[in-house]
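Residue strings, one per chain:
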Amino acid sequence: MKEQSKRLGEDSIPSLMARLSIPAFIGMFVMGMYNIVDTIFVSYGVGPSGVAALSIAFPVQMILMAMAAMFGIGGASIISRSLGAGEQKHADKVFHQVIWLVLISSIFIAIVTFIFLDPLITLFGAPADIHDIASDFLSLILLGAVFQTFAMAMNNIVRSEGNAKTAMLTMIISAILNMILNPIFIMGFGMGVRGSALATVIAQAVGAIWLLIYFLSGKSTLSLKGFSFRMDFPLIRRIMAIGFPSFIMMSAGSIVTVAVNWMLNIYGGTMAIAVYGIANRIASFVIMPINGVTQGMQPIVGFNYGSRQFERVMKAVKVSMIAATVMSLIAWGLVEIFPGMLVRIFSNDPELIAQGTNAVRFMLLAAPTIGFQIVCGGLYQALGRARISFIISLMRQIICLVPLLLILPQFFGLDGIWYAFPLADLGAFTVCLVIMSKTWGRIFKNPEIV
């Protein structure tokens, strides 16, 4: 076993958390910046209709990311525990199965979406005036579906072996290349949203190639030697069972986006959908770095769980909870104090700024609870507790948010859509708190039960 994996069971937890979380934090921060910059160029280069089109197309991108997360996180959980138990051959076998799953699923989704592209865009709540723009964007994005899913899934695999730096560099390289190409294609070549899509595909392809070179170079703990064309269905079921909560969480995000777009189309039209596109980018930006903490925690928890070092597992969870909560509080403070300033970064349209300021403030009103939710969900995935993680993943997006989105606008109009987000966060936080209080002692204070 290579040194980078062995250190997961030997180094101090704070230093490990810093070594794994800081690169993940930086990578997620840069990816968040890419989303911000991408939306800014589309906003100024195309206008509110372009931003609205990005929001309409987002559910398809979320489905691709959901598939990648399911296979990547599910595989990473098993790989971490296998490496911790000294089962190198099994870890390699899981790695090979994840590659197959990523390739097959991404190609399938791209083909099906191409066939039903126009009706899907209508289903996603696109007003007639932005239908063609959304179609232009999505048709190009689908060409890079394989690159997107491969890069995202393999990044989780790389982190599972304790190599957060390579995962970070992958995200940084893709994001910076995307930020460079966006203004060239959108404004320089006058390609509009197609330019944004093309920049994204090229950047994702480069990220995927970078990761493939890493695995072929022999620097990875995992090996491509003995790569088999045979699929191990019992193992695939295990990978999917553990990763399924991530799939549900991101798929739920896709469903929520569709529901929000439909309600916004009813209560506010294209401008309101553009506002949500901007507010959602800001929300994603403040949440993404918190995901970096969870990504740093998961290989530590998985490895030490596999090697039965339960005290180290408990310490990693506590450090992660504290760090994520502090980051949530900082993000909440910045958004609540400077909401108008944040929206003005994206547009100089007075109506969009006014509506966007209101939307951002309300959407992130309960942001201090988000860090706890994210770490809680990531913890049970790393432990292989698929059922609990599944419940957590459903809670905010489906059980809490969707009903609120359907009910509140009937009483509060457009503002009711924004009110739904903090109320859903509070509901999900309460459930996570109850789950942790019920299972913490059973899993950690009585390790023999595990």
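Notes on the structure follow. Just so it is clear, the model here is predicted, and its values are computed rather than measured.

Definitions and cut-offs
- Residues numbered from 1 in each chain as written.
- Predicted model: local features only at pLDDT ≥ 70, side-chain atom pairs only at ≥ 80, totals over all residues.
- Heavy atoms only, no water.
- Helix = DSSP H or I, 4+ residues; strand = E, 2+ residues; numbered from the N terminus.
- Rg over C-alpha atoms; globule rule 2.2 N^0.38 Å.
- Contact = heavy atoms within 4.5 Å.
- Areas by Shrake-Rupley, 256 points an atom, 1.4 Å probe, with all protein chains shown as cover.
- Lys, Arg positive; Asp, Glu negative; His and termini not counted.
- Charge placed at Lys NZ, Arg CZ, Asp CG, Glu CD.
- Buried < 20%, exposed > 50% of the residue type's maximum accessible area, 1.4 Å probe, protein only.
- Polar contact = N/O pair within 3.5 Å; in protein donor to acceptor, adjacent residues only side chain to side chain.
- Patch = residues over 30% accessible without salt bridge, like charges linked within 9 Å, V, L, I, M, F, W, Y side chains within 5 Å.
- Salt bridge = Lys/Arg side-chain N within 4 Å of Asp/Glu carboxyl O.
- Disulfide = S-S within 2.5 Å.
- Expected span 1.5 Å × (residues − 1).
- Bend = angle between axes of the 7 residues up to and from the residue.
- Phe/Tyr/Trp six-rings, centres within 6.5 Å; stacked < 30°, edge-to-face > 60°.
- Core = buried A, V, L, I, M, F, W, Y, C linked by side-chain atoms within 4.5 Å.

Helix and strand counts for the protein chain come out as 18 helices and zero strands. Rg of the C-alpha trace for the protein chain: 21 Å, near the compact-globule value of 22 Å for 450 residues, within the 12% margin. The principal-axis extent of the C-alpha atoms belonging to the protein chain is close to 60 × 45 × 35 Å. Within the protein chain, counting contacts between residues at least 6 apart in sequence, those at least 24 apart form 83% of the total. Just so you have it, the protein chain exposes about 17,300 Å², and 70% of that area is on carbon and sulfur atoms. Between the centroid of the 28 positive side chains of the protein chain and the centroid of its 19 negative side chains there is a distance of 13 Å.

This part takes up the side chain of serine 82. Relative to the helices and strands, serine 82 is located in helix H3 (residues 48-84). Residue class for serine 82 comes out buried when judged on its relative accessible area of 4%. In this structure the side chain of serine 82 is engaged in a polar contact, spanning 3.1 Å, whose partner is the side chain of histidine 90. Not counting residues up to four positions away in its chain, the partners in contact with serine 82 are Glu87, His90 and Ala91.

For the rest of this paragraph, the subject is a nonpolar patch on the surface. Residues Ile322, Val326, Ile330, Leu334, Ile337, Phe338 and Met341 make up a contiguous nonpolar surface patch of roughly 710 Å² in combined accessible area. By residue number, the principal contributor to the nonpolar patch is helix H12 (residues 310-337), which donates five residues. Relative to the helices and strands, methionine 341 is located in helix H13 (residues 339-344). For methionine 341, a relative accessible area of 52% puts it in the exposed group.

This part covers the state of the cysteines. Disulfides are covalent bonds that connect the sulfur atoms of two cysteines. The final tally for this structure, using the stated rule, is zero disulfides. Cysteine 376 takes part in no disulfide bond, and the closest cysteine sulfur, belonging to cysteine 432, lies 4.1 Å away. For cysteine 432, a relative accessible area of 3% puts it in the buried group.

Time to look at the environment of valine 313. Along the chain, the position of valine 313 falls in helix H12. Among the residues examined, valine 313 registers a relative accessible area of 0% and is labelled buried. Through-space distance from the C-alpha of valine 313 to that of isoleucine 157 is 20 Å; in sequence the pair is 156 residues apart.

Glancing now at helix H11 (residues 269-306). Relative to the 56 Å expected for 38 residues at 1.5 Å per residue, H11 spans 52 Å between its end C-alpha atoms, a close match to the ideal helical length. In H11, a bend of some 25° at methionine 288 exceeds every other bend along the element, and proline 289, a proline, comes one to four places later. Among the 38 residues of H11, 33 are classified as buried, and the element is accordingly described as predominantly covered. Positive phi appears at arginine 308, one or two residues downstream of H11, with a value of about 60°.

Another point: the packing of aromatic side chains. What describes a pair of aromatic rings is the distance from one ring centre to the other and the angle between the planes of the rings. For the structure shown, the criterion picks out nine aromatic pairs. Summarising the aromatic geometry, the rings of phenylalanine 362 and tyrosine 419 are spaced 4.9 Å apart at their centres and angled 70° between planes, so their arrangement reads as edge-to-face. Of this pair, phenylalanine 362 sits in helix H14 (residues 350-363) while tyrosine 419 sits in helix H18 (residues 414-445), and the two are 57 residues apart along the sequence. A residue is classified by how much of its surface remains accessible, and phenylalanine 362, at 23% relative accessible area, is partly exposed. A relative accessible area of 23% means that tyrosine 419 is categorised as partly exposed. Three or more aromatic residues joined by ring pairs make a cluster, and in this case those are Phe95, Tyr214 and Phe215.

To continue, consider the nonpolar core. Formed by 148 residues in total, the largest nonpolar core has its most connected members in Met154 and Trp418. Top element by residues in this core is H11. It accounts for 18 residues. In this structure methionine 154 touches Phe95, Val98, Ile99, Leu211 and Phe215, once residues within four positions along its chain are discounted.

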